[in-house]
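This is what each chain is made of:
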Amino acid sequence: MIRFSKVNKWYGDYHALIDINAQVAKGEVLVICGPSGSGKSTLIRTINRLEDIQGGSIILGEQDIHAPTLDLNQFRSRVGFVFQQFNLFPHLSVIENICLAPTTVAKKSKIEARSKAMSLLERVGMVHKANAFPQQLSGGQQQRVAIARALAMDPPVMLFDEPTSSLDPEMVGEVLAVMKSLARDGMTMICVTHEMSFAREVADRIWFMDAGAIVEASTPGIFFTAPQQPRAKRFVSDLRAH
């Protein structure tokens with residue numbers, strides 16, 4: 001579904017992504033992990049053009065997503081993205097947040113969009129908060145609404161950029177439960193996360209990044225028991241120590 005070919009990115013003189021060559025299969029759950037500053041969030045944000053690249057290509061399906069002819073708004077509407085900070089519109093109710101893109105971008109009727117939104121809220125356990133506003137919700141509830149909002153456009157792939165890092169520990173589980181449900185249903189998912197229990201239980205593959213490069217790519221079984229690269233070995237050893 002997604003192919004990275006010699007992807008490079010710089011911030012000025014800083015080489016943030018270095019010759020990324022990798023593929024993500026349809027229906028695969030991929031977890032990207034690694035130390036802070038390793039390029040994880042930068043990499044996932046290149047997939048929906050929140051970050052541009054200076055070299056190489058990224059193909060989603062058959063679409064070169066950095067082609068100059070790309071309709072960026074149309075493209076982004078097809079790629080679900082869940083942020084650390086929820087990014088819900090504070091002046092809109094929960095149901096209005098979810099209906100906004102389907103009615104304005106996909107031109108669906110309000111009745112159709114609302115029906116879909118209610119079914120998604122039921123899926124994430126938030127149907128009882130349909131008419132609440134974001135400031136009336138806990139962090140975990142806001143993140144579940146954000147997931148429902150991303151799903152409203154029927155995206156072929158869902159991107160999660162550290163979706164639990166802003167949550168209190170007791171709220172993490174409710175968000176991870178929704179993500180596990182999506183994985184069981186066969187959604188293609190790329191997750192930047194520090195939740196290694198989630199990675200061990202749900203991921204099909206793990207990419208370990210360090211200094212802007214993917215230095216190890218393997219299954220959870222291999223990564224957590226027999227990592228190959230020295231930096232990955234140290235990372236797993238630190239996990240065990242904790």
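Above this note sits the structure.
Our subject in this report is the structure included herewith. (Residues numbered from 1 in each chain as written. Predicted model: local features only at pLDDT ≥ 70, side-chain atom pairs only at ≥ 80, totals over all residues. Heavy atoms only, no water.)

1. Re the overall build of the protein chain
Then step 1. Of the regular secondary structure elements, the protein chain holds nine helices and ten strands.
Then step 2. Its C-alpha atoms give the protein chain a radius of gyration of 18 Å, near enough to 18 Å, the size a compact globule of 242 residues would have.
Then step 3. Viewed in the frame of its principal axes, the protein chain has a C-alpha envelope of about 55 × 45 × 30 Å.
Then step 4. Per-residue burial over the protein chain gives 52% buried out of 242 residues.
Then step 5. Total accessible area on the protein chain is roughly 11,200 Å²; 50% of this is exposed by carbon and sulfur atoms. (Helix = DSSP H or I, 4+ residues; strand = E, 2+ residues; numbered from the N terminus. Rg over C-alpha atoms; globule rule 2.2 N^0.38 Å. Buried < 20%, exposed > 50% of the residue type's maximum accessible area, 1.4 Å probe, protein only. Areas by Shrake-Rupley, 256 points an atom, 1.4 Å probe, with all protein chains shown as cover.)

2. Description of the environment of L182
Then step 1. Residue placement: L182 occurs in helix 6 (residues 169-184).
Then step 2. The class of L182 is buried, set by a relative accessible area of 1%.
Then step 3. The sequence separation of L182 and L151 amounts to 31 residues, and the corresponding C-alpha distance is 10.0 Å.
Then step 4. Among all residues touching L182, those that are not within four sequence positions of it are R123, I147, L151, M158, F160, M187 and M189. (Contact = heavy atoms within 4.5 Å.)

3. A look at the pairing of strand 1 (residues 2-11)
Then step 1. Note that strand 1 and strand 2 (residues 14-24) share seven bridges and pair antiparallel. Bridge pairing in strand 2 places V7 opposite I20.
Then step 2. Joining the antiparallel neighbours strand 1 and strand 2 is a turn of two residues, in which G12 adopts a positive phi near 65°.
Then step 3. Alignment of strand 1 against strand 4 (residues 55-60), held across five bridges, turns out to be antiparallel. Bridging from a neighbouring strand, S5 pairs with S57 of strand 4. (Pairing = 2+ DSSP bridges.)

Scope: geometric values only; no functional claims are made or implied.
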